[in-house]
Amino acid sequence: MWLYYFQQLVHTFPFFLKGLWMTVAVSGLSLIMGTMIGFTAGIVRASRVPVLGKLLFVYVDFMRGTPFLVQVFIIFFILPEWGLQLEAFSAAVLALTLYAGAYICEIVSGGITAVPPGQSEAAKATGLNWFQRMRHVVLPQAMKTILPPLVGQYVLLVKDSSVVSVIGVTDVTRVGWFTVQRIPEGLMVFGLVGLLYFVVCYPLIRLANQLEKRLRVDFGGL
Amino acid sequence: MLEAFNFRVLLDYLPLFLKGMWATAWLSGLSLAGALVVGTLACGGRLSRFRLLSALAGAYIEAIRSTPLLAQLYFLYFGLPSLGVRLPEYQTGILALSLNSGAYMAEIIRAGVLSVSWGQIEAAMAYGLNYFQRMRYVVLPQALGVTIPPLLGQAIVLVKDSALLSLISVFELTRAGQIITSERFMPAEGFFTTALLYLLIYYALKAFSSWWQKRLIFVQPA
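Naming follows an unreviewed UniProt entry, where chain B appears as Polar amino acid transport system permease protein of Desulfacinum hydrothermale DSM 13146. Per its UniProt entry, chain B bears the Function (unreviewed entry) comment "Part of the binding-protein-dependent transport system for glutamine; probably responsible for the translocation of the substrate across the membrane."

Chain A is annotated in an unreviewed UniProt entry as Putative glutamine transport system permease protein GlnP of Desulfacinum hydrothermale DSM 13146. Under the Function (unreviewed entry) heading, UniProt states for chain A: "Part of the binding-protein-dependent transport system for glutamine; probably responsible for the translocation of the substrate across the membrane." In UniProt, chain A has this text filed under Sequence similarities (unreviewed entry): "Belongs to the binding-protein-dependent transport system permease family. HisMQ subfamily."

To continue, consider a nonpolar patch on the surface. Together, Trp2, Leu3, Phe6 and Val10 of chain A give the surface a local cluster of nonpolar side chains, amounting to about 430 Å² of exposed area. Along the polypeptide, Trp2 of chain A turns up in helix α1 (residues 2-11).

Residue and element names in this part refer to chain B. As a volume, the second largest pocket reaches approximately 560 Å³. Looking at the second largest pocket, it is lined by 18 residues, and the ones nearest its centre are Val113, Met135, Val139, Leu140 and Ala143. Those elements giving two or more residues to the lining of the second largest pocket turn out to be α1 (7-46), α4 (89-115), α5 (118-126) and α6 (131-161). At 9 residues, α6 tops the list of elements feeding residues into the lining of the second largest pocket.

As a further point, take the interface of chain B and chain A. Across the contact, 35 residues belong to chain B and 36 residues belong to chain A. Taken as a group, Ser66, Phe78 and Lys160 of chain B account for 17% of the area that chain B buries against chain A, more than any other trio of residues on that side. At the surface where chain B touches chain A, the tally comes to 1 salt bridge. Measuring nitrogen to oxygen at the nearest pair gives 4.0 Å for the salt bridge that ties Lys206 of chain B to Asp61 of chain A. There are 5 residue pairs in polar contact (both at pLDDT 80 or more) connecting chain B and chain A. At the level of elements, α2 (51-65), α3 (69-79), α7 (173-184) and α8 (187-215) of chain B are the ones that each hand at least two residues to the side of chain B that touches chain A. When residues in the side of chain B that touches chain A are grouped by element, the largest group, 11 residues, is from α8 of chain B. The class makeup of the residues in the side of chain B that touches chain A is 23 nonpolar, 8 polar and 4 charged.

The rules behind each value
- Residues numbered from 1 in each chain as written.
- Chains lettered and ligands numbered in written order.
- Predicted model: local features only at pLDDT ≥ 70, side-chain atom pairs only at ≥ 80, totals over all residues.
- Heavy atoms only, no water.
- UniProt positions renumbered as here; feature names shortened; annotations may be inferred.
- Patch = residues over 30% accessible without salt bridge, like charges linked within 9 Å, V, L, I, M, F, W, Y side chains within 5 Å.
- Areas by Shrake-Rupley, 256 points an atom, 1.4 Å probe, with all protein chains shown as cover.
- Salt bridge = Lys/Arg side-chain N within 4 Å of Asp/Glu carboxyl O.
- Helix = DSSP H or I, 4+ residues; strand = E, 2+ residues; numbered from the N terminus.
- 1 Å grid on protein atoms, 1.4 Å probe; cavity = no way out; pocket = protein on both sides within 12 Å on 5 of 7 lines; lining within 4 Å.
- Points joined across faces, edges and corners; volume = space filled by probe spheres on them.
- Contact = heavy atoms within 4.5 Å.
- Buried area = accessible area lost by both parts, 1.4 Å probe.
- Polar contact = N/O pair within 3.5 Å; in protein donor to acceptor, adjacent residues only side chain to side chain.
- Nonpolar A, V, L, I, M, F, W, Y, C, P; charged D, E, K, R; others polar.

See the structure below:
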């Protein structure tokens, strides 16, 4: 029986690959947009802009204080009430983007704050304007602190993308959920699902560890 | 937005939400206790001199960290019955959360233990303290100081992760939101209230964490 189910599972493997592609697509899109939102928000937050800073605070706290599943439900079930009907894929990308953006905002603003203020002051004294200071002095140094947790956040993003399977995105987890209805061997089916996630996440985790080792932050005598 | 918010219905469902919050609290509490046990064991295994034990614990930690909780939850939920183990849903949920969080706990505890430098232990030995005294007065207080803040952070993650238990029909806070959505077609009332209650838990845990950090200021090991 076990062997029979295994053969069945091998037959459905193409669907798992399709699901994996969906997982990669959803998390890849949200990764790009979440990084853009996160960096913008993080720079604004670190620059202590009066009103915007408070708003960002509310946004980040909401995203960090509530479960991602609840955020997905809010976007998928409540936005239509306000006249914004999204299909599952767009809702998933929107939810993941906003979610990742909040965490990346924290990482980026933390990284910028960690650069000693003397750096920025020296750049100001040299006559660089705000953009030049950010672009050529602060951000390059902050990247050392930002990069390792950023990659770690990408791993979380791929893993959290499994949650959007509940609103009907056919990612690996949902394919597994469908398959287990026909092949009632949960260990085998979700073992495969886990393996596919592992293939994506493990290299990223290793990369994060490598970066952490290589980019030991050392601001020297400042 | 608020004029469309039906507070009377919320009042009707308030007992349900409170029950859900209580369920979330005890489910997370039990899982946290389980995760601490699993984490300590896995950490002990990881630091063990026996190669096999260390490799096994390492494989467990890496496997958990590179797959999503939802896949692990389904793995147990659909997989345990095919092993002949039939648990009530909430027990499967607690098991999954403990195993998942335990892997992260193991890494946190390991960092804490390794942060106490060997010199500290040698010095305590030189004073003539025995093993228990060394642990009680030298190693543990220093390790705890480093360990408690990330442990509380992990506890916050655990509470939020427990929302996924609603997907295997365990009654908790998110499930309460789903119930009001399906019985009254009021997703806004359901999920915003759910989110608000999660935020309450989040802030309570965060306040406790910062209170603790203020109380325990330890000398950072060199």
